[in-house]
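A closer look at the structure
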Amino acid sequence: MNPRTPGAELPEHPDSLWRTPDPKRSYDVVIIGGGGHGLATAHYLAKNHGITRVAVLEKGWLAGGNMARNTTIIRSNYLWDESAGIYEHALRLWEGLAEELDYPILFSQRGVLNLAHSLQDVRDSVRRVEANRLNGVDAEWLDAEQVREVCPIVNTSPDVRYPVLGGTYQPRAGIAKHDHVAWGLARSADAAGIDIIQNCEVTGLEVVGGRVVGVRTTLGPIAAGKVALCSAGHTSVLAAMAGIELPLQSHPLQALVSELLEPVHPTVVMSNAVHVYVSQAHKGELVMGAGIDAYNSYTQRGAFHIIEEQMAAALELFPVFARAHVLRTWGGIVDVSPDASPIVGLTPVDNLYVNCGWGTGGFKATPGVGWVFAHTIAHDTPHALNAPFSLDRFTTGALVDEHGAAAVAH
């Protein structure tokens, strides 16, 4: 598909891509959370480790949480080595995922621009480009004229509140069709014999002698050799059922789409100074996001003033959008750790594993974290790429501080 033609044809789907089984009484692995990370973990447990006595439990409908409530941006241009490592692994998997799943995920490598609006932005951005290159991540520094060449509709006039001085550009970055990604992963896991069980809420974790042995659900108890938590903003609630207090805060994160438009926006543009990020989806709608709502909440809605500020920011960068109409807004629940990096690995409870703390960056990590989390579960030891993101870093002090390092944390 040409990345500059958002109105490309979308494939038709059969009525059902996976079974709707009743839960068995026991499994080798129970994954709690039927979003992208849970489904990717199931896929790679089967594909890489031959583990198929697995259940994925979803309290609602498959991929109805953050997987359906994000802006689908995929990139790997993070500053720190640890972050660049896991996100670049994910990006390389994204590049072959449609073929691997034999399913169209509409991965469009249209590039991502991170704009710089001050001298400090420029210094930080150039530093990040050089760090990316050292880690084998494609990255370029563009001046204002080069930014205009990549995305002609960006306002690069010097007579604005935050003039564009340049930006970082990752050509291999882009977007994918989020629901197709979930469907493809679910189809693959189901074909391997993994049970995907929807409308099955976990109400308790059974822990005996410091070891998890099963889960309690609205469909009855299920014994488990191992339990993996992949439920984003609700992971801390689940971990508390096993007596574990995770260092997470859950916030609403809002986004929106416009009415359908002809192809006008050829790439993804992000700005931390005015705080908005914009792309054009495959069907033609503009997809926009901004920062999280400041308050803690488990509701999938946010405050109107965030949307208002987001619209003002978008119009500063893209005056051409002035007459576009908002079609739909939504909110997800993001889980943020103290250093804005994920927590992926073992817990103090034997055979209980956690994958959380991705904040606003979870979608782009989907295949990469599925790969390393499946390894962690299968071998009861972290993969080299997620070892730095262990829970105990908050006691050792070995933080991966992406709060101020990644330009924007999306």
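- The name an unreviewed UniProt entry gives the protein chain is Sarcosine oxidase subunit beta, with Streptomyces asoensis as the organism.
- Quoted verbatim from the Subcellular location (unreviewed entry) heading of the UniProt record, the comment on the protein chain is "Cytoplasm".

Some details on the pairing of strand E2 (residues 54-57)
- Residue alternation in E2 divides its side chains into two sets, Val-54 and Val-56 and Ala-55 and Leu-57, and both sets are buried.
- Of the pairings in the sheet, the one linking strand E1 (residues 26-32) to E2 comprises four bridges and is parallel in character. Note on E2: the bridge partner recorded for Ile-31 is Val-56.
- Once you follow E1 into helix H1 (residues 36-49) and on to E2, the crossover reads as right-handed.
- Examined bridge by bridge, E2 and strand E8 (residues 195-197) share three bridges and lie parallel to one another. When the sheet's bridge partners are listed, Leu-57 is paired in E8 with Ile-197.

Notes on the nonpolar core
- Ranked by internal contacts, the top residues of the largest apolar core, which has 50 residues, are Ile-31, Leu-39, Leu-62, Trp-94 and Val-181.
- Listing elements by their share of this core, those giving two or more residues are E1, H1, E2, helix H2 (81-101), helix H5 (178-191) and helix H8 (366-379).
- The element best represented in this core is H2, accounting for eight residues.
- Discounting residues that sit within four places of it in the chain, Leu-39 has contacts with Gly-34, Val-56, Leu-62, Ala-182, Leu-185, Ala-186 and Ile-196.
- Ile-197, Val-202, Val-215 and Ile-222 belong to the second-largest nonpolar core, a separate cluster that totals 27 residues.

Focus on the confidence of the model for the protein chain
- For the protein chain, per-residue confidence averages 93 on the pLDDT scale, and residues scoring 70 or more make up 95% of the total.
- Within the model, pLDDT remains below 50 along residues 1-8, and this stretch shows 19 contacts once partners closer than five positions in the same chain are excluded.
- When the criterion is pLDDT under 50, residues 405-410 qualifies, and its contacts beyond four places in sequence or with other chains add up to 25 contacts.

Focus: empty space enclosed by the protein
- Going through the model one piece at a time under the given rule, you end up with one cavity of 30 Å³ or more.
- Of the volumes computed, that of the largest cavity is approximately 50 Å³.
- Residue lining of the largest cavity: His-117, Asn-155, Val-160, Tyr-162, Val-274, Glu-316 and Leu-317, and that is the complete set.
- Grouping the amino acids of the lining of the largest cavity by side-chain chemistry returns four nonpolar, two polar and one charged.

Some points on the pattern of salt bridges
- Enumeration over the complete set of coordinates arrives at 14 salt bridges.
- Asp-190 is the partner of Arg-19 in a salt bridge, and the nearest nitrogen-oxygen pair spans 2.9 Å. A residue pair is termed long-range when its members are at least 10 positions apart, and Arg-19 in the segment before E1 and Asp-190 in helix H5 qualify at 171 residues.
- On the accessibility criterion, Arg-19 (35% relative accessible area) is partly exposed.
- Its relative accessible area of 13% is what places Asp-190 among the buried residues.
- A salt bridge links Arg-148 to Glu-145; the nearest nitrogen and oxygen atoms lie 2.1 Å apart. In this pair, Arg-148 and Glu-145 both sit in helix H4 (residues 144-150), three residues apart, roughly one turn of the helix.

Some details on unusual backbone geometry
- Of note in the backbone geometry, Asp-102 takes a positive phi value of approximately 50 degrees without being a glycine.
- By the secondary structure assignment, Asp-102 is in the loop between H2 and strand E4 (112-116).

Points about the packing of H1 against H8
- Where H1 meets H8, the closest approach of the two axes is 7 Å, and the angle between their N-to-C directions is 55 degrees. The orientation of H1 with respect to H8, classified from their angle, is oblique. Classified by chirality, the crossing of H8 by H1 is right-handed. Seen from H1, the contacting residues are Gly-36, His-37, Ala-40, Thr-41, Tyr-44, Leu-45, Asn-48 and His-49; seen from H8, they are Thr-366, Pro-367, Val-369, Gly-370, Trp-371, Phe-373, Ala-374, His-375, Ile-377, Ala-378 and His-379.
- Counted by class, the contact of H1 with H8 contains ten nonpolar, nine polar and no charged residues.

Here is what the cut-offs are and how they apply
Residues numbered from 1 in each chain as written. Predicted model: local features only at pLDDT ≥ 70, side-chain atom pairs only at ≥ 80, totals over all residues. Heavy atoms only, no water. UniProt positions renumbered as here; feature names shortened; annotations may be inferred. Buried < 20%, exposed > 50% of the residue type's maximum accessible area, 1.4 Å probe, protein only. Helix = DSSP H or I, 4+ residues; strand = E, 2+ residues; numbered from the N terminus. Pairing = 2+ DSSP bridges. Right-handed = clockwise from strand over helix to strand, strands pointing away. Core = buried A, V, L, I, M, F, W, Y, C linked by side-chain atoms within 4.5 Å. Contact = heavy atoms within 4.5 Å. pLDDT = per-residue confidence, 0-100. 1 Å grid on protein atoms, 1.4 Å probe; cavity = no way out; pocket = protein on both sides within 12 Å on 5 of 7 lines; lining within 4 Å. Points joined across faces, edges and corners; volume = space filled by probe spheres on them. Nonpolar A, V, L, I, M, F, W, Y, C, P; charged D, E, K, R; others polar. Salt bridge = Lys/Arg side-chain N within 4 Å of Asp/Glu carboxyl O. Axes fitted to C-alpha atoms, helices over the stretch in contact; angles between N-to-C directions. Parallel < 35°, antiparallel > 145°, perpendicular 65-115°, else oblique. Left-handed = near helix turned anticlockwise from the far one by under 90°.

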